[in-house]
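Residues per chain, in single letters:
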Amino acid sequence: METLSGKKVSMNTKEMESSDVVEPRDEECVEDRMDYLIKIVTQFHDHLKERASHYLGYPANQDCNDYVALSSLLKFHINNVGDPLKESVNGVHSKRFEIGVLDWFARLWNIEKDAYWGYVTNGGTEGNLHGLLLGRELLPTGILYSSKESHYSIPKIARMYRMDFETIASLESGEMDCIDLKSKLIINKDRPAIINVNIGTTFKGAVDNLDLVLQTLEDCGFSHDQFYIHCDAAIYGIIAPLLDQGHTYTFKKPIGSVSISGHKFLGSPIPCGIQMTRKSYRHVLSNNIEYIHTIDNTISGSRDGHAPIFLWYGLNMKGCKGLQKDVENCIKNARYLRDRLKHAGISTMLNEMSIIVVFERPLDHEIVHKWQLQCLGNMAHIVVMPHVAREILDNFLDDLLPKRNTWYQDGKVLPHCLAEDIGISNCACSIHGK
Ligand SMILES: *Cc1c(COP(=O)(O)O)cnc(C)c1O
């Protein structure tokens, strides 16, 4: 393989364990240090290659080969500190790409170029931090509402901002239960509502029904100036608008902000995301900082200038058609996986138009580790991202199915009942599977 110094080396690359600590060395001799670096980086590259080819449980697209073409840009420290829409004296930034990417998402989410404000974040969590802060600053006495299936960043943010937080129950699908929302809104009618709506929950990939949330607010007598809605669209932010079903969420509806993770469906070698809100809210967090010649209205100060270029490049490489094709393929492969699991008598659930397959947690930790499955209680899930080709799913099933037969063959141990987690109709346990 090609190395740091451009030399070709062949070496015995024993598998590197995730837990191996690699401390910087301090050898006197430069050659020795270079040899050490080459060896470690080569081993680590091979380790990543192996782990990325068994990456099923986490919602990140590992198909990042195209970005190697941008490696010459790693020679620069690119910093997009401050408001992307404000030019600054610092010239080593990529704000023209950042604005280009934001414009693309503005079109996707139906908001005019001169009506939005946004920026490229460090990931979905930073988008949630920004959106919910806007909500709190606009409605300082508001209560934050979010379903129990929400990402862990939501209750964390409620604590960070010391906001009163109401957890709303969810349906079997993972969607927010609007009957529970209604009962909690009615009790707290005298205080504004800040609602986090999930466009794709982390574990089950459920999309909260935004129209029903809006209807519920209206039924409870909340006028538009008494609520703020942030859409956490980390995983589905790109997927949902590209589906034929049209727009489940859009700035045409009275929402305040939307955020997504750039490294999830789209794919990026480094974590990143998009936060978008209405331009009329731009002033809420703005603070003019004289010595950096910009306006401070983002959560972090220094911001990664490579990320907007990666996003821009990814969008160009795929185009809308390519992304749509990715979405269709992932949904098809998710259905294939669900059908194969179901056929093998395994409890499984896949929401409509979703790419997250929930199924019975494997008893064998080795399988969970090898395929990097995420588990929750008696459930596991696989996120069928664009890098998850059908062959990978076949290899996984070829690994799982024979092993599973041995776990349950003598009848002493029975598969767990998942009726409460994913519904009776999806449960294949000895009672519900009949
Ligand atoms: C992944 C995820 C987040 C957090 O995104 P990061 O990019 O990891 O910060 C937030 N919300 C949902 C629904 C997610 O799935």
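Note that residues are indexed from 1 along each chain, following the sequence as it is written. Only residues with pLDDT of at least 70 get local features here, since the model is predicted, and only at 80 or more are side-chain atom pairs given and counted; chain-wide, interface and lining totals rely on the full set of residues.

What counts, and what does not: UniProt positions are given in the numbering used here, feature names are shortened, and annotations may be inferred rather than shown by experiment.
By the naming in an unreviewed UniProt entry, the protein chain goes by Histidine decarboxylase and is assigned to Penstemon smallii. Check the Sequence similarities (unreviewed entry) section of the UniProt entry for the protein chain; it says "Belongs to the group II decarboxylase family." Taken directly from UniProt, the Cofactor (unreviewed entry) text for the protein chain runs: "pyridoxal 5'-phosphate".

### A closer look at the overall build of the protein chain
Here is the rule: A helix here means a DSSP run of H or I that spans at least four residues, while a strand means a run of E at least two residues long, and both kinds are numbered starting from the N terminus. Using C-alpha atoms as the atom set, the radius of gyration is obtained and then compared with a globule rule of 2.2 Å times the number of residues to the power 0.38.
A tally of helices and strands in the protein chain yields 11 helices and 13 strands. What you see for the protein chain is a C-alpha radius of gyration of 24 Å, in line with the 22 Å of a compact globule of 434 residues. Overall size of the protein chain, expressed as C-alpha extent along the three principal axes, is 65 × 65 × 40 Å.

### Thoughts on the site of the ligand
To be explicit about the condition: Contact assignment follows one rule, namely that a residue is near a molecule or strand if its backbone-placed C-beta atom lies within 6 Å of it.
Around the ligand, the structure places 17 residues, and the nearest of them are Gly123, Gly124, Thr125, His151 and Ala234. The dominant element in the shell around the ligand, judged by the number of residues it contributes, is helix 3 (residues 124-138), at three residues.

### Details of the sheet that holds strand 3 (residues 165-168)
Cut-off, in case you're wondering: Strand pairing follows a simple DSSP-based rule, namely that at least 2 bridges must link the two strands. Only the stretch in contact is used when a helix axis is fitted, and all axes are lines through C-alpha atoms; the angle between N-to-C directions ranges over 0 to 180 degrees. A pair of residues counts as a contact when their C-beta atoms, built from backbone coordinates, are within 7 Å of each other.
Judged by pairing direction, the sheet is mixed, and its seven strands sit side by side in the order 1-7-6-5-4-2-3 without closing on themselves. Bordering the open sheet on either side are strand 1 (116-121) and strand 3, each of which pairs with just one other strand. Ignoring which end each strand starts from, the neighbouring axes of this sheet average 15 degrees apart. The sheet contact formed by strand 1 and strand 7 (residues 273-278) spans six bridges and is antiparallel. Among the inter-strand pairings, glycine 118 is bridged to a residue of strand 7, identified as methionine 276. Along the sheet, helix 3 makes contact with strand 1, strand 2 (143-147), strand 4 (193-198), strand 5 (227-232), strand 6 (257-261) and strand 7, crossing strand 7 at roughly 20 degrees.

### Overview of unusual backbone geometry
Stated precisely, the cut-off is as follows: Once C-beta atoms are placed from the backbone, each residue is buried if 20 or more other C-beta atoms lie within 10 Å of its own, exposed if 12 or fewer, and partly exposed for counts between those two.
Its identity is not glycine, yet methionine 353 carries a phi of approximately 55 degrees, on the positive side. Within the element layout of this structure, methionine 353 appears in the loop between strand 10 (348-350) and strand 11 (356-360). Even without being a glycine, glutamine 372 presents a positive backbone phi close to 50 degrees. Its location among the elements puts glutamine 372 in the loop between helix 9 (365-370) and strand 12 (374-376). Taking the number of C-beta atoms within 10 Å as the measure of exposure, glutamine 372 has 14 and is therefore partly exposed.

### Here's the deal with the UniProt feature "modified residue: N6-(pyridoxal phosphate)lysine" (unreviewed entry) in the protein chain
UniProt tags Lys264 as "modified residue: N6-(pyridoxal phosphate)lysine" (unreviewed entry). Structurally, lysine 264 can be placed in the loop between strand 6 and strand 7. You can call lysine 264 buried: it has 27 C-beta atoms within 10 Å. Discounting residues that sit within four places of it in the chain, lysine 264 has contacts with Pro59, Ala60, Asn61, Ala234 and Ile235.

### Focus on the environment of leucine 418
Within the element layout of this structure, leucine 418 appears in the loop between helix 10 (390-408) and helix 11 (419-422). Placed 59 residues apart in sequence, leucine 418 and phenylalanine 359 show a C-alpha to C-alpha distance of 8.6 Å. If we ignore the near neighbours within four places in the chain, the residues touching leucine 418 are Ser347, Glu360, Asn378, Met379, Asn426, Cys427 and Cys429.

### A look at the packing of helix 2 (residues 95-108) against helix 8 (residues 306-343)
Axis angle and axis distance: for two packed helices, these are the angle between their axes and the distance between the axes, and together they describe the pair. As a reminder of what qualifies: Orientation is classified from the angle alone, with under 35 degrees giving roughly parallel, over 145 giving roughly antiparallel, 65 to 115 giving roughly perpendicular, and any other angle giving oblique. When the near helix sits turned anticlockwise from the far one by under a right angle, the crossing is termed left-handed; a clockwise turn instead gives a right-handed crossing. Each residue is assigned to one class: nonpolar for Ala, Val, Leu, Ile, Met, Phe, Trp, Tyr, Cys and Pro, charged for Asp, Glu, Lys and Arg, and polar for all the others, Gly among them.
Axis separation between helix 2 and helix 8 bottoms out at 8 Å; the angle between their running directions is 50 degrees. Overall, the two elements helix 2 and helix 8 adopt an arrangement that is oblique. Like other packed secondary-structure pairs, helix 2 and helix 8 cross with a definite hand, here left-handed. Contacts between helix 2 and helix 8 involve Phe97, Glu98, Gly100, Val101 and Trp104 from the first element and Pro308, Ile309, Leu311, Trp312 and Leu315 from the second. Of the residues contributing to the contact of helix 2 with helix 8, the split by class is eight nonpolar, one polar and one charged.

### A short note on the environment of alanine 52
Along the chain, alanine 52 falls in helix 1 (residues 30-52). In this structure alanine 52 comes out as partly exposed when scored by C-beta crowding, with 14 C-beta atoms within 10 Å. Note: C-alpha distance between alanine 52 and glutamine 226 (174 residues apart in sequence) is 46 Å.

### Regarding helix 2
An α-helical turn contains 3.6 residues, so any two residues separated by three or four positions project in the same direction. Condition: One less than the residue count of a helix, multiplied by 1.5 Å, gives the span that helix is expected to have.
For helix 2, built from 14 residues, the straight-helix expectation of 20 Å at 1.5 Å per residue is met to within 8% by its first-to-last C-alpha distance of 20 Å. For helix 2, the full list of buried residues reads Lys95, Phe97, Glu98, Val101, Leu102, Phe105, Ala106 and Leu108. On its buried face, helix 2 is in contact with strand 1, helix 7 (239-242), strand 7 and helix 8. Two residues or fewer past helix 2, asparagine 110 is found with a positive phi of approximately 60 degrees.

### Looking at the confidence of the model for the protein chain
Note the following rule: Each residue carries a pLDDT score, the predictor's confidence in it, ranging from 0 to 100.
Per-residue confidence for the protein chain averages 92 on the pLDDT scale, and 95% of its residues sit at or above 70. Low pLDDT (under 50) marks residues 1-13, which in the prediction has 17 contacts with non-local residues, meaning those over four places away or in another chain.

### A closer look at the nonpolar core
Quick note on the threshold: Defined on buried residues, the nonpolar core groups Ala, Val, Leu, Ile, Met, Phe, Trp, Tyr and Cys residues joined through C-beta atoms within 7 Å. Domain delimitation in this document rests on an assignment produced automatically or drawn from a domain database.
Ranked by internal contacts, the top residues of the largest apolar core, which has 91 residues, are Val357 and Val384. Among the elements that make up this core, the one with the highest residue count is helix 8 (11 residues). Domain assignment of the residues forming this core places at least three in each of domain 2 (72-316) and domain 3 (322-426). Contact partners of valine 357, with chain neighbours within four places excluded, come to Ala334, Leu337, Arg338, Thr348, Leu350, His381, Ile382 and Val384.

### Notes on the pairing of strand 2
Under the convention used in this document: By the criterion used throughout, a crossover qualifies as right-handed when its path from the first strand across the helix to the second strand runs clockwise, the strands pointing away from the viewer.
Among the five residues in strand 2, four count as buried, and that is most of the element. As defined by bridge partners, strand 2 adjoins strand 4 across three bridges and the pair is classed as parallel. Bridged to tyrosine 145 within strand 4 is isoleucine 195. Bridging between strand 2 and strand 3 involves four bridges; their strand directions are parallel. Across the sheet, residue tyrosine 145 finds its bridge partner in strand 3, namely glutamate 166. Handedness of the crossover is the feature at issue here: the chain leaves strand 2, passes through helix 4 (residues 153-160), returns alongside strand 3, and the resulting connection is right-handed.

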